[in-house]
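# Overview (structure and organization)
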Amino acid sequence: MGGRQAVLEVNNRGAARREAKASRFRLEGLDCADCAVKLEKKIATLPGVEAVRVNFGAGSMNIIHTVTPEAIMKAVNEAGYGAFRCLSPAAGEEIPAGRKKARLAGAAASGFFLAAGFAGGFLGADRGYSIVLFLLSMLSGGIPVARGAFYAARSLSPDMNLLMTLAVIGAVAIGEWSEGAAVVFLFSLGSFLQEYTLDKTRGSIRGLMELSPKEALVRRDGMEMTLPVEKIVPGDTVIVKPGQKIPVDGRVTEGGSSVNQAPITGESVPVEKRAGDMVYAGTINQQGALVLEVTSHAVDSTLSRIVEMVEEAQEQKAPSQQLVDRFARYYTPAVLAGALAVAVVPVLLFSQPFTVWFERALILLVISCPCALVISTPVSIVSAIGGAARKGVLIKGGSRLEEAGRLKIIAFDKTGTLTLGKPEVTDVIGAGNIGPDRVLRAAAAVEKLSEHPLAGAIIERAGRQGLEIPRASDFKSYAGMGAGANVGGKRYYVGNMSLFQELGIDARQWREMIENLQREGKTTVLVGSEEGISGVVAAADRARPGSREAVKGLAGLGIKRIVMLTGDNRGTALAAAGALGINDVRADLLPGDKLTAVRELKSEGKTAMVGDGINDAPALAAADVGIAMGGSGTGTAIETADIALMSDDIAKIPYAVSISRRALAVIKQNIAFSVLLKAVFIAATITGHSTLWMAVLADTGASLLVTLNGMRLMLVKD
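Residues numbered from 1 in each chain as written. Predicted model: local features only at pLDDT ≥ 70, side-chain atom pairs only at ≥ 80, totals over all residues. Heavy atoms only, no water.

If you check helix α4 (residues 127-154), its first and last C-alpha atoms are just 35 Å apart, much less than what 28 residues at 1.5 Å a residue would give, namely 40 Å. At G142, α4 is bent by approximately 65°, the largest bend along its length, and proline P144 sits one to four residues beyond. Buried residues of α4: S130, L133, F134, S137, M138, G141, G142, V145, G148, A149, Y151 and A152, and no others. N-cap assignment for α4: the residue whose side-chain oxygen lies 2.9 Å from the backbone N of G128 is D126. Directly after α4, the chain includes L156, whose backbone phi takes a positive value near 55°. (Helix = DSSP H or I, 4+ residues; strand = E, 2+ residues; numbered from the N terminus. Expected span 1.5 Å × (residues − 1). Bend = angle between axes of the 7 residues up to and from the residue. Buried < 20%, exposed > 50% of the residue type's maximum accessible area, 1.4 Å probe, protein only. Polar contact = N/O pair within 3.5 Å; in protein donor to acceptor, adjacent residues only side chain to side chain.)

This part covers the layout of surface pockets. In this structure, the second largest pocket occupies an estimated 760 Å³ of space. Every residue lining the second largest pocket is counted, 38 residues in all, and those nearest its centre are A33, D34, A36, V37 and K38. Sorting the residues of the lining of the second largest pocket by element identifies α1 (33-44), β3 (49-55), α5 (160-173), α8 (302-315), α9 (319-350) and α11 (371-390) as the ones contributing at least two each. For the lining of the second largest pocket, the element with the most residues is α1, which contributes 9 residues. (1 Å grid on protein atoms, 1.4 Å probe; cavity = no way out; pocket = protein on both sides within 12 Å on 5 of 7 lines; lining within 4 Å. Points joined across faces, edges and corners; volume = space filled by probe spheres on them.)

Glancing now at the sheet that holds strand β14 (residues 290-294). The antiparallel open sheet is built from 6 strands, whose spatial order is β7-β6-β8-β14-β9-β12. Each edge of the open sheet carries a strand with a single partner, namely β7 (223-228) and β12 (278-279). (Pairing = 2+ DSSP bridges.)

Attention now moves to the packing of aromatic side chains. All chains considered together, the criterion is met by 4 aromatic pairs. One residue, R360, lies across the ring of W357, its end atom 4.4 Å from the ring centre. (Phe/Tyr/Trp six-rings, centres within 6.5 Å; stacked < 30°, edge-to-face > 60°. Lys NZ or Arg CZ within 6 Å of the ring centre and 35° of its normal.)

Here we take up the pattern of salt bridges. Applying the stated rule across the entire model yields 18 salt bridges. The shortest N-O distance in the salt bridge between R400 and D642 comes to 3.0 Å. Linking R400 in helix α12 (residues 398-405) with D642 in the loop between α22 (635-640) and β27 (643-645), this pair joins segments that are 242 residues apart in sequence. Classification of R400 by relative accessible area gives partly exposed; the value is 27%. R561 is paired through a salt bridge with D584; the nearest N and O atoms lie 2.8 Å apart. Here R561, found in strand β23 (residues 561-565), pairs with D584, found in strand β24 (residues 584-586); they are 23 residues apart in sequence, far enough to count as distant. Taken together, the salt bridges that share partners define one network made up of D427, E520 and K522. (Salt bridge = Lys/Arg side-chain N within 4 Å of Asp/Glu carboxyl O.)

With 69 residues, the main nonpolar core has I43 and M61 as its most contacted residues. A total of 9 residues in this core trace back to one element, the largest contributor, which is helix α6 (residues 177-206). When sequence neighbours within four positions are dropped, the list of residues in contact with I43 reads V49, V52, M61, I63, I72, A75 and V76. Counting residues in hydrophobic clusters, the runner-up holds 53 residues, among them A313, L394, L418 and M646. (Core = buried A, V, L, I, M, F, W, Y, C linked by side-chain atoms within 4.5 Å. Contact = heavy atoms within 4.5 Å.)

For the coordinates displayed, the defined rule picks out 5 cavities of 30 Å³ or more. Computed from the structure, the largest cavity encloses a volume of approximately 110 Å³. In terms of lining, the largest cavity is formed by C35, K38, L39, K42, A79, Y81, G148, Y151, A152, S155, S157 and D159. Elements supplying a minimum of two residues to the lining of the largest cavity: α1 and α4.

Residues of helix α2 (residues 69-78) that are buried include every one of P69, I72, M73, A75, V76 and E78, and no others. Positive backbone phi, at 100°, marks G80, one or two positions downstream of α2.

So this is what it looks like as structure tokens:
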């Protein structure tokens, strides 16, 4: 949203036109997904707010507004949270450390006074002395909670602040000062710890932006100057010295160096860069100096887009999270009603002591807070998506993460995915006394004017052997068969068997050799003239490094079926598949055939499609999970895909499946733990085996534990 503006008509006594701005805010203290929903509803009712979206996963808020940013921040503060406007174009500012320290100081002071109050009672001090200390404990740690409770009550949107405040007031009302102080201390400390751990999780992505320097050395009009990256525009010349971080996306115009691209692609090995190569903001120049032509503004850099994509992905709710949210909507009111019943029914109908059952009702109020449950899924998704992004794997949302965790079948495109997509000449065979160099020279002369996939490989091989390529003229392409041109006064043709059959040139004696070469996974072209066949050139597309290991790794993860889909002939496809350990091959496919194949596979189980090209886009979209090769992949494939690999490292696919499965397991663990703990404490409360401070400890402790459990996903290795 940042940077985009819309002009809205506002009917304000004069039908004046007012400019609506798009702003982004970082949020402090947003450690409960249920509270994030309530905050969004509150801000949406603020006059002058056109649209609002609170992203709990990223701890941010995007707003289109005509009201001042100060009014928005005030409204957020009234709700019990902090808001800080993001002025930078990328990930936004960190929350000021002073506010965090104040929250920690409040919790520490609350704990000190609580301990002093207990110590006074133990040493036999006057009860009034202990009460004063317990009151100081509640005030030092509870004022932010009470303020949030006040605004929650005023807006009729009960949240955990209101529930905790009611519990403390109730404890004081029945003379349980120590329990009230314990509730405040445990809740304030638990909230701080949970917020701290969540900020660590959210910062795993925002921290990437720190890799990009704030300034760069720019050459303009023959002068060198240091400028903030926000003031650098496309077309500028930037100089990056050895050891420096690259500040912007750009194309190398001078120099050469190896560049550490791990922040963008997750590649552990530096990549050599020369004139004409692209480099990215946040990557690290190593030993050589580079001169770059800037290709995009800082706000549009690849690194900024990655952060934006990941934060948007973290916001999207997974199916399990949607289920938990629906459950929480009914759960909290039900427990509130139950708390009221516990306070009233035993006293009125069974003449039970009011104080005992009122205290149990207060405990149920604390237990009714659904924080641990509703945070169990999003914290796991935020951690998994953030951890994957740091390794060059972009998973576009919680639903995609869960789908990837349930995969049973993976279909691979061959060319450009399992293989490098760049054929190399492997064999040049001449007829009779015609030498291989003569065959290669004629083929290269014709192919120099051709766009055939093998043309580049043939020309490259001729150049590598130092052959002089003759000039060709009168070039003609034969669709689907080959090409012809005049070379040295003779008409030469380069193509398949069908071309020479159509031209009436006998090539039958080459059929067996061609079939043998194709069984080896090679693509062949015949070279000849009207006088007959001069020879054959064979080329093969090499397997991408790590392809075989990736296939083996997926099998080890329990993927039941791995399929190769390719437009190549069956012989070439079988040879390539055999080398990679793939048994299921479908060859001679058009893009529409790939789409049909994916739909058939989906009927047998959750299916992923891995591809890199425009022709793979329909199959990527049709699959349960589309995975695009990002380094060499086209924009169409990446936009269509659910998971994008920011490098050409196919070994990242087993990692993507592995982290998705672990995320599913962690989500189930967190949900089961949260629900079980609630059930145990509700039962213990009804039977009189729980106290108010125990309930608070269990509630805040559960929230902290599910957060820490989810954070483990950031540590999953490749």
